[in-house]
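Chains, contacts and geometry: an overview
The lines below spell out each chain.
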Amino acid sequence: MLKKTLLSFSLLTPFACALYAQSVTLYQDTETGAIYTKPGENRVELGDFIGAKEAFIDHQKISSTITKKELKLKKKLPKVENSKSPEFLLGKQTGPNMKIYAFDNPDMWVKLGVRLQGTFENRQVDYADNTPDTNVWDAYLRRVRFEVGVGFSKHVSFSMDIRNDKANYQNKGEQEFNVGDAYLKIKKPFDTSLVNFKLYRGKIDVSRTETVKSAYVLHYDRPHVADEAAQFITHNRRGTNVKMYGDWKKKVHYEVAFGDGVYSGKFHDATGASFSGDSFTQKSFFYGGKVVLSPFDGWEEKKRTESYFGQGKHFEIGAAYWKSPNIAYTIGTVSKEIDHELINLEMSAHYKGAFVQAEYFKFDGVVKNFDTAPQTIGQSHGWYVTGEYVFEDLNYVAPFVRYEKWDKLEDENGYNLESKVAGVNWYLRGNTTKVGLAIQKDTYGVELGNKTETRYKLTTQWFF
């Protein structure tokens, strides 16, 4: 009987699939086992049979649910490669970092990564006066960093890195590890991209190239004028602070911040000398902000980077104002209180393989020379422009150039610095693995050493 019933159901299937009724009552002949849709002699009611159309729809819903669950689970599994990355000679670029989700709470996670940049360098210094010239070979680790991040909830995460930059640089030896970034990020607490927060040691945008992650810059040593901007308002542009930031449809980006001010060890005069006086204190927080605009539809900036690998396009312009007031210091019998003010203007654009970026800096509150009395306070300004072209057909070989000019003390002679850089990067796996060759020529005015410094560099990067 069972075999007859199964056979009858199999014979009924084509018939049932043609039905579009919501349901059908089935009857079985007690002698032959045949299935009927109408009652009759020797027929026993089996019950309601759901129509084929409805059964198919229900099956699709179940299949769809399973697929979505599988996809969601797949997204939460640890991963390394960036699925949107181009295919480089050694494969796709990584994340960066490996992200591991908690099994019982997918809003909680851990990210782990490393960054290693090595430099082999020949440095030649040609003095304009009778000072003996020098020619030195040096090999050092430009950046050594271990990066870690944790997610506490849908909106809150923490990121930090431990670093030992310039290990073995010149005569600095192995040095020591210290904390770089260390910030608590509160993302979209009001479910809008307009309002986000970073607390503690997060970068403030005193300069585009200083804000771009060092793994994404074209040349490992940023422009001199930008490096000074990184110290002019707060220590290493990330002294403990509170920042609010956001964007509107990627067309308008902004940030405002306040926090701890200038560090005496990075407080420089116009000659480049660091403060070594008798006392130093800052009585007030720094404050300020930046606005960046992407005015053209389809050209919005979605990520702060200098390396695009020939993909997409963007155009943006930006302006910032920062102030670090009430800096008080004493050198011998001379006491002084000054304010640092910084104006930064930026522009960047790329179209496929071509990239260009430029910035202008205006400093107010520059000490002429710590060793002279009375202390003269002046202004400084500088700018740079840089560009790259990526040849995708040549396995992402990318020549680049940079030109910089900085008047470190306006209305004074001998404080000019000019820097020229030319080189080529080879993105073997995007920024995950790349090598480069570069030549940098810096010319310093009479008050800055009266010299020309030329550096030939072989660079490498491993970023995971």
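As the structure is a computational prediction, the values presented were derived from the model and not from experiment.

Let's talk about the pattern of salt bridges
This model, assessed by the stated rule, comprises 30 salt bridges. One salt bridge in this structure joins E87 and K92, with 3.9 Å as the shortest N-O distance. Under the relative-accessibility criterion, E87 is labelled exposed at 52%. Its relative accessible area of 22% is what places K92 among the partly exposed residues. A salt bridge links E147 to R115; the shortest N-O distance between them is 2.5 Å. Placement of the pair is E147 in strand 9 (residues 134–151) and R115 in strand 8 (residues 109–127), with a sequence separation of 32 residues.

A few points about the side chain of D205
Within the secondary structure layout, D205 lies in the loop between strand 12 (196–201) and helix 3 (208–211). For D205, a relative accessible area of 6% corresponds to the buried category. A polar atom in the side chain of D205 sits 3.4 Å from the backbone nitrogen of S207. Reaching out from D205, the side chain makes a polar contact with the side chain of T211 at a distance of 2.9 Å. Residue contacts for D205: discarding those within four places in its chain leaves T211, E255, K290, R304, A320, W322 and E346.

So, helix 4 (residues 224–232)
In terms of residue burial, helix 4 counts as a mostly covered element, since 7 of its 9 residues are buried. Buried within helix 4 are the following residues: V225, A226, E228, A229, A230, Q231 and F232. Next to the buried residues of helix 4 lie helix 3, strand 17 (313–331), strand 18 (334–351), strand 19 (354–367), strand 20 (377–389) and strand 21 (397–407).

A short note on the packing of aromatic side chains
Applying the stated criterion to the full structure yields 23 aromatic pairs. Where F275 meets Y329, the ring centres are 5.7 Å apart and the plane angle is 75°; that geometry is what we call edge-to-face. Here F275 is found in the loop between strand 14 (252–259) and strand 15 (279–282), whereas its partner Y329 is found in strand 17, with 54 residues between them in sequence. Like F275, the residue Y329 is buried in the burial classification. Ring plane angle 50° and centroid distance 5.6 Å describe the contact between W383 and Y403, whose orientation is recorded as tilted.

A word on the environment of M347
Relative to the assigned elements, M347 resides in strand 18. In contact with M347, other than residues within four places in its own chain, are F315, E316, I317, V356, Q357 and A358.

Some words on the confidence of the model for the protein chain
For any part of a model where pLDDT is low, the fine detail of the predicted coordinates should not be relied upon. Across the protein chain, pLDDT averages 89, with 88% of residues at or above 70. Note that residues 1–21 has pLDDT below 50 and, in this model, 24 contacts with residues that lie over four places away or in other chains.

The rules behind each value
- Residues numbered from 1 in each chain as written.
- Predicted model: local features only at pLDDT ≥ 70, side-chain atom pairs only at ≥ 80, totals over all residues.
- Heavy atoms only, no water.
- Salt bridge = Lys/Arg side-chain N within 4 Å of Asp/Glu carboxyl O.
- Buried < 20%, exposed > 50% of the residue type's maximum accessible area, 1.4 Å probe, protein only.
- Helix = DSSP H or I, 4+ residues; strand = E, 2+ residues; numbered from the N terminus.
- Polar contact = N/O pair within 3.5 Å; in protein donor to acceptor, adjacent residues only side chain to side chain.
- Contact = heavy atoms within 4.5 Å.
- Phe/Tyr/Trp six-rings, centres within 6.5 Å; stacked < 30°, edge-to-face > 60°.
- pLDDT = per-residue confidence, 0-100.

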